[in-house]
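# Survey of secondary and tertiary structure
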Amino acid sequence: MPLSEPQLRGFIRALPKTETHLHLEGSLDYGLLHAWDPAEYPADPAWRSPAHRFESFQKFDETLLGHALPWFTSPERYHEAARVTFARHVEQNVRYVETSFHLGIVEFVEFGAAEIIAAIRAAVPPGLEVRIFAGMLRSNYAGPVRPLIDDLVNWDDLAGVDLHGFEQVPTEDWSAPVWQRLSDAGKITKCHAGEFDGAHRVREAIEALGVSRVQHGVRAIEDPAVVQLAVDRDVTFDVCPISNVKLQVYPDLRSHPLRALTAAGVRCTISSDDPLAFGNQVSDDYFALATDADYTLTELAALARSGWEVAAVTPEVRAQNLAEIARVTKVFADV
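Report follows, based on the coordinates. On a predicted model such as this, the values are computed, not experimentally measured, just so you know.

### Section: the overall build of the protein chain
Across its full length, the protein chain carries 15 helices and eight strands. By the compact-globule yardstick of 20 Å for 335 residues, the protein chain fits well, its C-alpha radius of gyration being 19 Å. Each principal axis of the C-alpha atoms in the protein chain carries an extent, and together these give about 60 × 50 × 40 Å. Here the protein chain holds 335 residues, and the buried ones make up 55% of them. Contacts in the protein chain between residues far apart in sequence, at least 24 positions, make up 75% of those at least 6 positions apart. When the accessible surface of the protein chain is totalled, it reaches about 13800 Å², and 54% of it is carbon and sulfur. The positive charge centre, built from 30 side chains, and the negative charge centre, built from 48, are 5 Å apart in the protein chain.

Written as C-alpha cells, this is what we have:
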C-alpha cells in the first residue's frame, strides 16, 4: 500500500541526507530579502512558484544575480545567509553539505575570500558537517581573480573547487593544469557539465579536467560511451532534478534521465542547486521524485546512500549514516 503524503514526507525527513551541489549565494533565503526590503522584494514572486519555468539560462542568471548580489555586501551578510541555509538543512535532517561561493564576487566587494569562508564556517551549527568550495567561471583566470585561483592550493579551510556558469562557454586552457594542481594538493575538483551542453562536455570534465564529481551531468545519457566512461572512472553526478525542470533541461521529472543513469551504474546524488531561484529545498527534490516520477522508497534510499558514499567524512560517520538509511527504509517499508 502506498504511503500517504504525511508518511512519505516523514520517510524523507527520517533519511539522513547530504547536499552536495549547492551555491551559497543561490541558497539565500528569500525571506531575508523580503524582511529587509518588502517593497523591493514582495512575498511569493511568480518566478519562485512550482509552475514557473525560466525561458533561458540567461534569464535565470539575471534573476538570481539581481536578487543575490544586493544582499551579499559584507561578511556579516554571508554569515546570516549561511546561518539560515544551514538551519534549514538541520530541519530537513541533512547532515552533510558541500556548498560553493562564487570566487569572482571579490572583484565587486571590499572584502576577501578568506573572510567569506570564515563567515560561512562560523555559521555551521552543531551536528552539520559543511565543506566549502570556491566556484569560478571558465573566464575568471583572465581577470584579477587569477592570483587567488593560483593560491587556492594553500587554503586549508577550502575543501575544493567548482567550475560553473553558462556551460556553453568554452573551457579555457588554464583549467586543466590548475585543476590538476588542486587535485594533487588534496582538493576535491568539480565541474558543471551536461546541463546546457551535451555529453561531450561531461567527457571533457572527466578526461581533460580529471574530475570525479560532475555537477548535473545528466545529458551524458545522450552518449552511452560517456555514461560508461563515468561508470568506469567512478564519477559521481550531483544531480538537481527540480532545477533541471525549472530551467527546461527536461520538461518534467518523468522524462528526466536520473533513473536511467543510476540503472546504468552511475552514482548520482540529489541536491537543490539554487533554492533562491527555484523555491525548493533538497527534501522537495526527493518528494518530487516520489510523486512526479514514482520513485520507490528503495530508490530514494539509494540516492541518499550515494551522497554518503562520496561525502568527505570518516569511515565511521559514513557507516553510521548508511546503517541508519537501511534501518529507516525497513521501518517505512513495513508500514
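Don't stop here, the text continues.
### Things to note about the packing of helix α4 (residues 75-91) against helix α5 (residues 113-122)
Contact geometry of α4 with α5 gives a least axis separation of 8 Å together with a crossing angle of 35°. Judged by the sense of rotation from one axis to the other, the crossing of α4 with α5 is right-handed. Contacts between α4 and α5 involve P75, Y78, H79, A82 and F86 from the first element and E115, I116, A119, I120 and A122 from the second. Residue composition of the contact of α4 with α5, by class: eight nonpolar, one polar and one charged.

### Concerning the nonpolar core
The biggest cluster of nonpolar side chains holds 108 residues, and the ones touching the most others in it are F101, L103, M136, W179 and F237. Leaving out residues up to four positions away in the same chain, M136 has contacts with H102, L103, I149, L152, V161, D162, L163, H164, W174 and W179.

### Structural notes on the sheet that holds strand β1 (residues 17-23)
In spatial order, the strands read β1-β2-β3-β4-β5-β6-β7-β8; together these eight strands make up an open sheet with parallel pairing. Of all strands in the sheet, those with a lone pairing partner are β1 and β8 (267-270), marking the two edges. Taking each pair of neighbouring strands and ignoring which way they run, the sheet shows an average axis angle of 25°. Inspection of the sheet shows strand β5 (residues 188-193) paired to strand β6 (residues 213-216) by four bridges, in the parallel sense. By the bridge assignment, H192 is partnered in β6 with Q215. Across the face of the sheet, α4 comes into contact with β1, β2 (94-102) and β3 (129-137) while running at roughly 150° to β2.

### Details of the pairing of strand β4 (residues 160-164)
In terms of burial, β4 is a largely internal element, five of the five residues being buried. Here β4 shows two buried faces, one formed by G160, D162 and H164 and the other by V161 and L163. Two strands pair when backbone bridges link them, and β3 and β4 are joined in this way by five bridges, in the parallel orientation. Paired with G135 across the bridge in β4 is D162. Taken together, β3, helix α6 (residues 146-151) and β4 form a β-α-β motif whose crossover is right-handed. Read as a crossover between parallel neighbours, the route from β4 over helix α7 (residues 175-184) to β5 is right-handed.

### Details of the packing of aromatic side chains
Enumeration according to the criterion identifies 16 aromatic pairs in this entry. Pairing W36 with W71 gives two aromatic rings, centres 5.8 Å apart and planes at 85°, and the pair type is edge-to-face. On the criterion of sequence distance, the pair formed by W36 in helix α2 (residues 30-36) and W71 in the loop between α3 (57-68) and α4 is long-range, its members being 35 residues apart. Given the relative accessible area of 39%, W36 is considered partly exposed. Note on F54 and F60: the rings are 5.7 Å apart at their centroids and 75° apart in plane angle, and the pair reads as edge-to-face. Here the aromatic cluster, defined as three or more aromatic residues joined through ring pairs, consists of F54, F57, F60, F166, F196 and F278.

What counts as what
- Residues numbered from 1 in each chain as written.
- Predicted model: local features only at pLDDT ≥ 70, side-chain atom pairs only at ≥ 80, totals over all residues.
- Heavy atoms only, no water.
- Helix = DSSP H or I, 4+ residues; strand = E, 2+ residues; numbered from the N terminus.
- Rg over C-alpha atoms; globule rule 2.2 N^0.38 Å.
- Buried < 20%, exposed > 50% of the residue type's maximum accessible area, 1.4 Å probe, protein only.
- Contact = heavy atoms within 4.5 Å.
- Areas by Shrake-Rupley, 256 points an atom, 1.4 Å probe, with all protein chains shown as cover.
- Lys, Arg positive; Asp, Glu negative; His and termini not counted.
- Charge placed at Lys NZ, Arg CZ, Asp CG, Glu CD.
- Axes fitted to C-alpha atoms, helices over the stretch in contact; angles between N-to-C directions.
- Left-handed = near helix turned anticlockwise from the far one by under 90°.
- Nonpolar A, V, L, I, M, F, W, Y, C, P; charged D, E, K, R; others polar.
- Core = buried A, V, L, I, M, F, W, Y, C linked by side-chain atoms within 4.5 Å.
- Pairing = 2+ DSSP bridges.
- Right-handed = clockwise from strand over helix to strand, strands pointing away.
- Phe/Tyr/Trp six-rings, centres within 6.5 Å; stacked < 30°, edge-to-face > 60°.

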